[in-house]
Amino acid sequence: MHYILRTALLLAALFGLVLTSLHGYLLFHGLAEGFSIVIACGIFMIVWNARRLLQNHYLLFIGIAYLFVGGIDFLHTLAYKGMGVFEGYGADLPTQLWIAGRYMEALSLLIATFFLHRKFSPRGVFIVYGLSTGLLLVSIFSWRIFPACFQEGVGLTPFKIYSEYIMCVILLAAIVPLIKNAKDFDRKVLILLIASIVTTIAQELAFTTYLSVYGPSNLIGHLLKIISFYLLYKAIVETSLVTPWNLLFRELKLSEAKFRSIFETNVVPIAYSNIDGQVLDANDDYLKLVGYTREELEAGKARWDVVTPAEWKHVDDVAIERLGRDGSCAPIEKEYLRRDGTRVPVLLGACRLPGDPHQVVAFCLDLTERKKAEEALQKSRDELEQRVRERTAELERRNQELQNFTFVAAHDLQEPLRKLQTFGDFIATRCTDSISEQGRDYLRRMGETAGRMEALLRSLLDYSRMTSKDEPLAKVKLKEIVETVVSDLETQIKEANASVEIGDLPAVEADAAQMASLFQNLIENALKFRRDGEPPHVKIQCTPVGGNGSKPGEWEIHVEDNGIGFEEQYKDLMFKPFQRLHGRKEYGGVGMGLAICKKVVERHGGSITARSTPGGGSTFVVRLPRKQ
Amino acid sequence: LSSQDTPLVLMADDDEDDCTLAKDAFRESGARGEIKCVEDGVALMDCLSRSDPLPGLILLDLNMPRKDGRQALKEIKTDPKLQAIPIVILTTSREKEDMVYTRAMGAEDFITKPGAYGQWVGIMKGLAERWLEERES
């Protein structure tokens, strides 16, 4: 009904306008052109003032162009035959101005399509239009080089007629991109725009046929122009003022729709709230999270300060402070107290809404599943750690037990062995007469075997003592320790005709007795494995190695001899308990010396190795940390 | 011989073999006097309380049941009536800490029981000369 009434009114107005032509064509022409000039100016004013909001530069371009089109049309109106404003130009002038205006209009509509997805500087375009319009006018009024369009009595020139056809083609070309990019326009605006251009094409066709500028086809052409501008008015002016979001705020509307869809898709719980606790709106996910119904939300019951347990208030306070300061707060973890009294862990991020410092939008994540997974992970980690601790403790206990057992066994085995030795010795020394030669030989062998067992037990005892009788470490001077060892070994050194050279040795944090044991074993080794006919020479010296600004480095102590040496492939074997590289008959001992050395060095956080060539002497290399 | 003339060595050791060895070696060493053995610290203290005169030397083992040598040593060396009696630790131990401890508690000497019978004889001879003859002279 509404549309029919409006169309009827429009037709009546047009009819009224036609009637004015009966009174005088000049009046009709003036009204018709005046209408389109007003609309052209209106379009310009709207898009120019909205240029900063307009994302669609097509409309902006058209708006600017139409100001100049309107300007030329105004001159055309003033130049119309019988107006008497411009003397001495005849009927060709208004037609030239008309053609100039139409070219500008048609080309502008085509060029505007170029800016469907591009931006331009409005000021720049304005200047370009100003200059082009100036040039056109100068070419018409002063230089008079603009082609003739109308000859009195003859009618329209071919230039004018072909120009109208050319403009039809240009206008058709201007429609195509609009249809292709329909999505960039509000549907109604697009239809009106296309209808306006189509009407303009019809108008151009009407203007190809008139003989008199007061003739009927001229009248129809002007009526079509009115309709065309009216449609443009509907498309741009009315739309932008009545439903601005369809045109000027189309982008805003689209982004609002996008946001609305995020809100309503319920991907995450979202709530709009006041800083004081009132929840203004929330999506279904949020309501589900806090366990309230929409009715309760609308009744103001689902306040966020109510669903926050007391012990989490401080987190909210911090978040609100940050919102006030920065406009947003990074995600925080807290708990919500649901309507049914249960708790739900959430991750919550919020930002202030622009324009109102008291309104915030909050995004939440339900962390229940994640917390469960974390707890399960932590629990299994704890259990694992506990198990490792128990196993380690068990191993340590067993290891200690074993060491204690070794110590006690070696210790207690000495007792009966000693008695076997004593009673054997008694028989061997006090009862020789009553024993046969063979018996005495066996007694001697028994004594030797017992002696070896005693040595074995004593070494074993020394070895296990290294771990079962730990003394705290203290600063000891290695040089003094080595000197004492050398003096203890004086007899052996003299017997072997050996010499021991002691270089500068540092003070280290160590167990003095164990260090003595280390050097005693190494020196005894050097004395024992000497070369026939060559007096043993033992050289003990030390150099610092490694270490830089942050690491203290190590002391490297060399115990070098000129003995028989060994093949390096046996290097690792030598340091194992009860390992020997030579037969018992050649060299005595039970094979525990170097094992004890290794244990001592390792207990001090160091290492021991050896370098040698058979017959070329050996060097034992001990590394001890400079700081324990 | 009166008890005055026969110096008494009191030996506390739970090892019968060692007691026998000590007695035999003492006898063989030709030293004057005799060794009397008790099996632990309790028996030793009991014996001391009844002894008159007091023994000229105590040979004390360290590891014994009921009351060990360390405790007995402490009690004797803190008893004004007994502290003058020389005490020699005769033990299987070679531990340095045992030597240091007993010396600190007032023991006169520390001897590790030997393996060879001949050494037993030598030790007994030496002890008798050092602690029994000296007293008499």
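Residues numbered from 1 in each chain as written. Chains lettered and ligands numbered in written order. Predicted model: local features only at pLDDT ≥ 70, side-chain atom pairs only at ≥ 80, totals over all residues. Heavy atoms only, no water.

Looking at the overall build of chain B
Here is step 1 of the chain: The helix and strand tally for chain B stands at 5 helices and 5 strands.
Here is step 2 of the chain: When the helices and strands of chain B are read in sequence order from the N terminus, they spell out β-α-β-α-β-α-β-α-β-α.
Here is step 3 of the chain: Evaluated residue by residue, chain B yields a buried proportion of 49% over its 137 residues.
Here is step 4 of the chain: Long-range pairs, those at least 24 residues apart, make up 66% of the contacts in chain B with a sequence separation of at least 6.
Here is step 5 of the chain: Total accessible area computed for chain B in this model is approximately 6,600 Å², and 48% of it derives from carbon and sulfur atoms. (Helix = DSSP H or I, 4+ residues; strand = E, 2+ residues; numbered from the N terminus. Buried < 20%, exposed > 50% of the residue type's maximum accessible area, 1.4 Å probe, protein only. Contact = heavy atoms within 4.5 Å. Areas by Shrake-Rupley, 256 points an atom, 1.4 Å probe, with all protein chains shown as cover.)

Concerning the overall build of chain A
Here is step 1 of the chain: Along chain A, the regular secondary structure elements total 20 helices and 14 strands.
Here is step 2 of the chain: Burial status across chain A gives 43% buried among its 628 residues.
Here is step 3 of the chain: Taking as baseline every contact in chain A between residues at least 6 positions apart, the subset at least 24 positions apart corresponds to 66%.
Here is step 4 of the chain: Put simply, chain A shows about 33,200 Å² of open surface, and 60% of that area lies on carbon and sulfur atoms.

A look at the environment of A:Val69
All names here are of chain A.
Here is step 1 of the chain: You can see valine 69 is positioned in helix H3 (residues 57-79).
Here is step 2 of the chain: Looking at valine 69, the relative accessible area reads 1%, which means it is buried.
Here is step 3 of the chain: C-alpha of valine 69 to C-alpha of serine 108: the two residues are 39 residues apart in sequence and 9.3 Å apart in space.
Here is step 4 of the chain: Those residues in contact with valine 69 that lie beyond four places of it in its chain are Gly101, Arg102, Met104 and Glu105.

Here we look at unusual backbone geometry
Leaving glycine out, the prevailing phi sign among residues is negative, and the prevailing peptide bond configuration is trans.
Residue and element names in this part refer to chain A.
Here is step 1 of the chain: Although it is not a glycine, asparagine 497 adopts a positive phi angle of roughly 55°.
Here is step 2 of the chain: Relative to the helices and strands, asparagine 497 is located in the loop between helix H17 (490-495) and strand S9 (499-502).
Here is step 3 of the chain: Residues other than glycine seldom take positive phi values, yet phenylalanine 578 does so here, at roughly 60°.
Here is step 4 of the chain: Turning to its location among the elements, phenylalanine 578 is positioned in the loop between helix H19 (571-574) and helix H20 (593-603).

Digging into the nonpolar core
All names here are of chain A.
Here is step 1 of the chain: Formed by 62 residues in total, the largest nonpolar core has its most connected members in Tyr58, Ile64, Leu178 and Leu193.
Here is step 2 of the chain: Secondary structure elements with two or more residues in this core: helix H2 (25-49), H3, helix H4 (92-113), helix H5 (122-141), helix H6 (158-180), helix H7 (187-206) and helix H8 (216-242).
Here is step 3 of the chain: The leading source of residues in this core is H3, at 13 residues.
Here is step 4 of the chain: When sequence neighbours within four positions are dropped, the list of residues in contact with tyrosine 58 reads Leu109, Ala112, Thr113, Phe115, Leu116, Leu178, Phe185, Leu193 and Ile197.
Here is step 5 of the chain: Counting 44 residues, the second-largest nonpolar core is a separate cluster that includes Val486, Ala496, Ile557 and Val601. (Core = buried A, V, L, I, M, F, W, Y, C linked by side-chain atoms within 4.5 Å.)

Notes on the interface of chain B and chain A
The figure often quoted for interface size is the accessible area lost as the parts come together.
Here is step 1 of the chain: Facing the 17 residues of chain B at the interface are 15 residues of chain A.
Here is step 2 of the chain: Taken together, both faces of the contact between chain B and chain A bury some 1,400 Å²; the carbon and sulfur share is 45%.
Here is step 3 of the chain: For the interface between chain B and chain A, the tally reads 5 salt bridges.
Here is step 4 of the chain: Linking A:Lys419 and B:Asp17 is a salt bridge whose minimum nitrogen-to-oxygen distance equals 3.2 Å.
Here is step 5 of the chain: Our count for the chain B to chain A interface comes out at 8 residue pairs in polar contact (both at pLDDT 80 or more).
Here is step 6 of the chain: Looking at the side of chain B that touches chain A, the elements that each hand over two or more residues are helix H1 (16-29) and helix H5 (117-136) of chain B.
Here is step 7 of the chain: Considered class by class, the residues forming the side of chain B that touches chain A number 6 nonpolar, 3 polar and 8 charged. (Buried area = accessible area lost by both parts, 1.4 Å probe. Salt bridge = Lys/Arg side-chain N within 4 Å of Asp/Glu carboxyl O. Polar contact = N/O pair within 3.5 Å; in protein donor to acceptor, adjacent residues only side chain to side chain. Nonpolar A, V, L, I, M, F, W, Y, C, P; charged D, E, K, R; others polar.)

Some thoughts on the packing of aromatic side chains
Residue and element names in this part refer to chain A.
Here is step 1 of the chain: Taken as a whole, this structure holds 24 aromatic pairs over all chains when the rule is applied.
Here is step 2 of the chain: With 5.9 Å between their ring centres and 45° between their planes, phenylalanine 44 and phenylalanine 126 make a pair best called tilted. Separated by 82 residues along the polypeptide, phenylalanine 44 in helix H2 and phenylalanine 126 in helix H5 bring together distant segments of the chain.
Here is step 3 of the chain: The class of phenylalanine 44 is buried, set by a relative accessible area of 12%.
Here is step 4 of the chain: An aromatic cluster is built from Phe44, Trp48, Phe61, Phe68, Phe114, Phe115, Phe120, Phe126 and Tyr129, whose rings are joined through pairwise contacts.
Here is step 5 of the chain: The ring of tryptophan 48 carries arginine 51 above its face, with NZ or CZ at 4.1 Å from the centroid. (Phe/Tyr/Trp six-rings, centres within 6.5 Å; stacked < 30°, edge-to-face > 60°. Lys NZ or Arg CZ within 6 Å of the ring centre and 35° of its normal.)

A word on the pattern of salt bridges
Side chains carrying opposite charge are able to pair once their charged atoms draw close together.
Here is step 1 of the chain: Enumeration over the complete set of coordinates arrives at 52 salt bridges over all chains.
Here is step 2 of the chain: With a shortest N-O distance of 2.7 Å, A:Lys225 and A:Asp73 are connected by a salt bridge. With A:Lys225 in helix H8 and A:Asp73 in helix H3, this pair connects stretches of sequence that are 152 residues apart.
Here is step 3 of the chain: As a salt-bridge pair, A:Glu374 and A:Arg370 come within 3.3 Å of each other at their nearest N and O atoms. Of the two residues, A:Glu374 and A:Arg370 both sit in helix H14 (residues 368-430), 4 residues apart, roughly one turn of that helix.
Here is step 4 of the chain: Through salt bridges with shared partners, a single ionic network connects A:Glu415, A:Arg418, B:Asp13, B:Asp18, B:Asp61 and B:Lys113.

As for the packing of H3(A) against H5(A)
Residue and element names in this part refer to chain A.
Here is step 1 of the chain: Where H3 contacts H5, the axes come no closer than 10 Å and their chain directions differ by 25°. When the interaxial angle is binned, H3 and H5 end up roughly parallel. As H3 packs across H5, the resulting crossing turns out to be right-handed. Along the contact surface, H3 presents Leu60, Phe61, Ile64, Ala65, Leu67, Phe68, Ile72 and Leu75, while H5 presents Pro122, Val125, Phe126, Tyr129, Gly130, Thr133, Leu136 and Leu137.
Here is step 2 of the chain: Considering only residue class, the contact of H3 with H5 consists of 14 nonpolar, 2 polar and no charged. (Axes fitted to C-alpha atoms, helices over the stretch in contact; angles between N-to-C directions. Parallel < 35°, antiparallel > 145°, perpendicular 65-115°, else oblique. Left-handed = near helix turned anticlockwise from the far one by under 90°.)

Focus: the sheet that holds strand S3 (residues 57-60) of chain B
Residues and elements named next belong to chain B.
Here is step 1 of the chain: Spatially, S2-S1-S3-S4-S5 is the arrangement adopted by the 5 strands of the open sheet, whose pairing is parallel. Each edge of the open sheet carries a strand with a single partner, namely strand S2 (34-38) and strand S5 (109-112). Strand-to-strand twist of the sheet, defined as the mean angle between neighbouring strand axes without regard to direction, takes the value 25°.
Here is step 2 of the chain: Direction of pairing for strand S1 (residues 8-12) relative to S3: parallel, over a ladder of 4 bridges. (Pairing = 2+ DSSP bridges.)

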